[in-house]
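Letter by letter, the chains look like this.
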2 protein chains.
Amino acid sequence: MAELNELSAVEAARRIKAGDLTAETLMRACLERAADRDAAVRAWAHLDPEQAIAGAKAADAAGNPGPLAGIPVGVKDIIDTADMPTRHGSTIYGLNRPNADAAVVTLTREQGGVVMGKTVTTEFAWRNPGPTGNPHNPAHTPGGSSSGSAAGVADKQFPLAFGTQTAGSVIRPAAYCGAVGFKPSVGTHSRAGVKELSGYLDTVGCFARSVEDVGFFDAALRGTAPSPLDIFDGAPPRIGVMVPFRIEAEAAALDMLETVWRRAETAGATIIDIASNTSFEALADVQTVVMTGDSGRALEWEYERHPERLTRFYRDNIALGLAMAGDALAGAKARADKARAEQAALFEGVDILLTLPAPGEAPLGLGFTGDPLFNRVWTILGWPCVTIPAGSGPNGLPLGAQIVAPAGADATALAAAAWLENALS
Amino acid sequence: MAELNELSAVEAARRIKAGDLTAETLMRACLERAADRDAAVRAWAHLDPEQAIAGAKAADAAGNPGPLAGIPVGVKDIIDTADMPTRHGSTIYGLNRPNADAAVVTLTREQGGVVMGKTVTTEFAWRNPGPTGNPHNPAHTPGGSSSGSAAGVADKQFPLAFGTQTAGSVIRPAAYCGAVGFKPSVGTHSRAGVKELSGYLDTVGCFARSVEDVGFFDAALRGTAPSPLDIFDGAPPRIGVMVPFRIEAEAAALDMLETVWRRAETAGATIIDIASNTSFEALADVQTVVMTGDSGRALEWEYERHPERLTRFYRDNIALGLAMAGDALAGAKARADKARAEQAALFEGVDILLTLPAPGEAPLGLGFTGDPLFNRVWTILGWPCVTIPAGSGPNGLPLGAQIVAPAGADATALAAAAWLENALS
């Protein structure tokens, strides 16, 4: 039974629909894994085994399940759940129990998924970390802000999880933990009931252990059939390799990226080197302005009413955000809007871009979740991003490869990631 | 001869004026020490031994020296020197040779001091460090931004040095290196020729190895006789012990502070416990707003013309500063102005405040100069601050004790620091 927690979501759903497995049995296997591993990984902000089993039993009892067919799902703790606490990684919300589920939680449950529990987030999904450790070595950060979702999926405590990304909070922790992370095009999934940092940037994303699973979960949330992952089979993708902020990358990460594109080339892909450009890299500043300005406004209530319960980092950042000129913030968004169109030229002659999801391996220590620099510009451009595991670095920790597709070309991103995942296997 | 570099500035000046020592001999001893130690400490942004010796010879030749009588002085490399490079810790200024000396350098030379060389600063006196290591253990930071001045004085490469403080750039590195640091009341020394970060906050300060020396240097710059350091002899000070942001302090630093006030009490001081207050601590946010807003405006040229030569930290911070609303920045300064009056009530019934100069020992690593949180509010209040060495922590690195006096009461701050230095000896 211990192996059931390792099943892919697609396989588990197949077995449950075929009557070969119950949601309850699957949930119990995941809970057993979580109990074994919790002291090391600490992925959970809230986990009540009886509640999780009751949810699975209800899914079994409902019969004829939806596509998510009783699959356990980890939900980042900035996403509202009416039956579980939602603490946003802050003591200000220590007793918070929302009145309603967030839209994506409602969808998950309607599609047959079972919320297993709430996963650790950094404070309001920015910098100050929770207790979660990297499942490959708990002395290293799992990344953040979606720390518990990334760590728990990679650690096989649950097959699917939600994260959110404002700077690099899905892609970076997925890469650090050796999971697959998918940040769809901005605006894809509803953010109703998700604690807001930036209306311009916040994007709900998903974690799984394979591209197939992450696409399966994403499709269930869209209410569509999964997009085909085989569009590049027999017609390998044209891949633009682009490494912005190269000087900030670790040597092992750059070496691994070269290994990845050489394997892709061997498998038939066309590889085109794409130079980074200063107008692209300047967008990191614009992202900082938008994130700081928006989040200062979004968290003004917490700042005014409970300043003593905010970390120093947050107080400073909210103060900076509140001090920001309205026209400067609007101007930064206008500049990003313009860049979304202009930078689309990067895709001329290529299907996708291949780049680093993070500077390298997960840093040592749990005090800092690592630098989101390799994510910030893709996030403000709003383009779909997938990261897949790609070997390991000198500390034996996972490295990743990030695939970026044009705005709205989420299916292309997923199919190229699946093709690349296969080329690397 | 090797011991001459260890002389106090006051004693060296006395010997030179008495004809028992030449400025050249003293400079050669300091240069020998610098040569021995440079590979470990790396305090220098510019050091030309022939130029330093020529300066000392000229001082000797001038005869009848001023108060600084041929004493070698280290000058932080954001302070202009017409005969030496002034790089501001940035490659943007790699070839910069100012046309004129800064006002404080002119004064130093007029008073008989000899500029030995330029000391390492962080990039534009904010976060990104240079190569300097802590003289007590070069694997640890010396603090910043006045890294080379603090390390070089503590390492006995020169007896006196200039620093500047916008957040904690004099007091913190002095504490980390085991030096005495003095940040006088804001506005005391001219900032003409000092690279500006914030017109509201920037304060020129001094480093030495004793309170007597730092007062001697400061007085020479004011063009006055040193203020008397014995005003508390026989009439011990009333000391308010106040630890804002206590939760951020290391246990060893808090223990040492208790040792310090108990020693002071034994020596006759009146000790009064002063609670921190939320309006005081809230000024840390105001300092962040003022520093970010002002420095964004001050460094706009660098941001627009040479963005690729700024570190990511600086680009982000300048972008945030430039996005700041003018009225928000002005409002923050107005609030600080008001606080300067309101918080003066902290001194009711006490002569000075005793507090921590830093969270604890110098952190491991040269990538981060440590947290200026324990300095920021005192800086925005503009009050005179002195830090003196006070034992060491679990890693064998120096701890400090910070003395704060009311606005303009610089002589009180120095005299209380001298009294406390004596009580601890």
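Reference entry: report on the structure contained in this document. (Residues numbered from 1 in each chain as written. Chains lettered and ligands numbered in written order. Predicted model: local features only at pLDDT ≥ 70, side-chain atom pairs only at ≥ 80, totals over all residues. Heavy atoms only, no water.)

What follows covers the overall build of chain A. Counting secondary structure elements, chain A contains 14 helices and eleven strands. For the C-alpha atoms alone, the extent of chain A along its principal axes is close to 60 × 55 × 40 Å. The buried share of chain A, taken over its 425 residues, is 58%. Counted over contacts in chain A with a minimum sequence separation of 6, partners at least 24 positions apart contribute 78%. For chain A, the accessible surface area stands at approximately 14,600 Å², while carbon and sulfur atoms represent 50% of it. (Helix = DSSP H or I, 4+ residues; strand = E, 2+ residues; numbered from the N terminus. Buried < 20%, exposed > 50% of the residue type's maximum accessible area, 1.4 Å probe, protein only. Contact = heavy atoms within 4.5 Å. Areas by Shrake-Rupley, 256 points an atom, 1.4 Å probe, with all protein chains shown as cover.)

This brings us to the packing of helix H11 (residues 312-323) of chain A against helix H9 (residues 278-298) of chain B. Look at H11(A) against H9(B): their axes get within 9 Å of each other, and the N-to-C directions meet at 50°. The pairing of H11(A) with H9(B) is recorded here as oblique in orientation. In this structure, H11(A) meets H9(B) at a crossing whose hand is right-handed. Where H11(A) approaches H9(B), its residues A:Arg312, A:Arg315, A:Asp316, A:Ala319, A:Leu320 and A:Ala323 are matched on the opposing element by B:Glu281, B:Ala282, B:Ala284, B:Asp285, B:Thr288, B:Val289 and B:Thr292. Grouping the constituent residues of the contact of H11(A) with H9(B) by class yields six nonpolar, two polar and five charged. (Axes fitted to C-alpha atoms, helices over the stretch in contact; angles between N-to-C directions. Parallel < 35°, antiparallel > 145°, perpendicular 65-115°, else oblique. Left-handed = near helix turned anticlockwise from the far one by under 90°. Nonpolar A, V, L, I, M, F, W, Y, C, P; charged D, E, K, R; others polar.)

Expressed as a screw operation, the relation of chain A to chain B combines 0.0 Å of axial shift with a rotation of 180°, fitting to an RMSD of 0.0 Å. Such values leave the two copies arranged in the relation of a two-fold axis. When you check the interface residues of chain A against chain B, 100% turn up at the interface there too, and the contact is symmetric in its surfaces. (Least-squares fit on C-alpha atoms with pLDDT ≥ 70 in both.)

Residues and elements named next belong to chain A. As summarised here, the arrangement of the eleven strands in space is S1-S3-S2-S4-S6-S5-S10-S11-S9-S7-S8, forming an open sheet in which the pairing is mixed. The two strands at the open ends of the sheet, each matched to only one other strand, are strand S1 (44-46) and strand S8 (270-273). Across the sheet, the mean angle from the axis of one strand to that of its neighbour is 30°, orientation sign disregarded. Bridge count between strand S7 (residues 238-241) and strand S9 (residues 352-355): three bridges; the pairing is parallel. (Pairing = 2+ DSSP bridges.)

A few words on the pairing of strand S9 (residues 352-355) of chain B. Both faces of the sheet carry side chains from a regular strand, because those side chains alternate between them. All names here are of chain B. Of the two faces of S9, the one holding Ile352 and Leu354 and the one holding Leu353 and Thr355 are both buried throughout. In this sheet, strand S11 (residues 398-404) lies alongside S9 in antiparallel orientation, the contact comprising three bridges. Paired with Leu354 across the strands is Ile403, a residue of S11.

All names here are of chain A. Here Gly144 and Ser145 are connected by a cis peptide whose omega angle stands at 10°. Tracing the chain through its elements places Ser145 in the loop between strand S3 (114-119) and helix H5 (147-154). Residues other than glycine seldom take positive phi values, yet Phe124 does so here, at roughly 45°. Mapping Phe124 onto the fold places it in the loop between S3 and H5. For Ala125, which is not glycine, the phi dihedral falls at a positive 60°. Relative to the helices and strands, Ala125 is located in the loop between S3 and H5.

Okay, the sheet that holds S9(B) next. Residue and element names in this part refer to chain B. Strand order in the open sheet formed by eleven strands is S1-S3-S2-S4-S6-S5-S10-S11-S9-S7-S8, with mixed pairing between adjacent strands. Edge strands, defined here as strands with exactly one partner in the open sheet, are strand S1 (44-46) and strand S8 (270-273). Each strand of the sheet is rotated relative to its neighbour by a mean of 30°, with strand direction disregarded. Bridge analysis of strand S5 (residues 180-183) against strand S10 (residues 385-392) gives three bridges, and the strand direction is antiparallel. Bridge pairing links Gly181 to Thr387 in S10. Along the sheet, helix H7 (residues 211-222) makes contact with strand S2 (72-76), strand S4 (160-165), S5, strand S6 (203-208) and S10, crossing S6 at roughly 140°.

Attention now moves to the pattern of salt bridges. Enumeration according to the criterion identifies 38 salt bridges over all chains in this entry. A salt bridge links A:Asp285 to B:Arg315, with the nearest nitrogen and oxygen atoms 3.5 Å apart. Residue A:Asp285 is located in helix H9 (residues 278-298), and its partner B:Arg315 is located in helix H11 (residues 312-323); the two belong to separate chains. One exposure class covers both A:Asp285 and B:Arg315, and it is buried. Notably, a salt bridge pairs B:Glu24 with B:Arg28, separated by 3.0 Å at the nearest N-O pair. (Salt bridge = Lys/Arg side-chain N within 4 Å of Asp/Glu carboxyl O.)

Before going further, it helps to spend a moment on the interface of chain A and chain B. Facing 20 residues of chain A, the contacting portion of chain B comprises 20 residues. Of all residues in chain A, A:Asp285, A:Arg312 and A:Leu320 bury the most surface against chain B, accounting for 35% of the area lost on that side. Inspection of the region where chain A meets chain B yields six salt bridges. With a closest N to O distance of 2.6 Å, B:Asp285 and A:Arg312 form a salt bridge. Counting every contact that joins chain A to chain B gives twelve residue pairs in polar contact (both at pLDDT 80 or more). (Buried area = accessible area lost by both parts, 1.4 Å probe. Polar contact = N/O pair within 3.5 Å; in protein donor to acceptor, adjacent residues only side chain to side chain.)

Just geometry here; none of it tells us what the structure is for.
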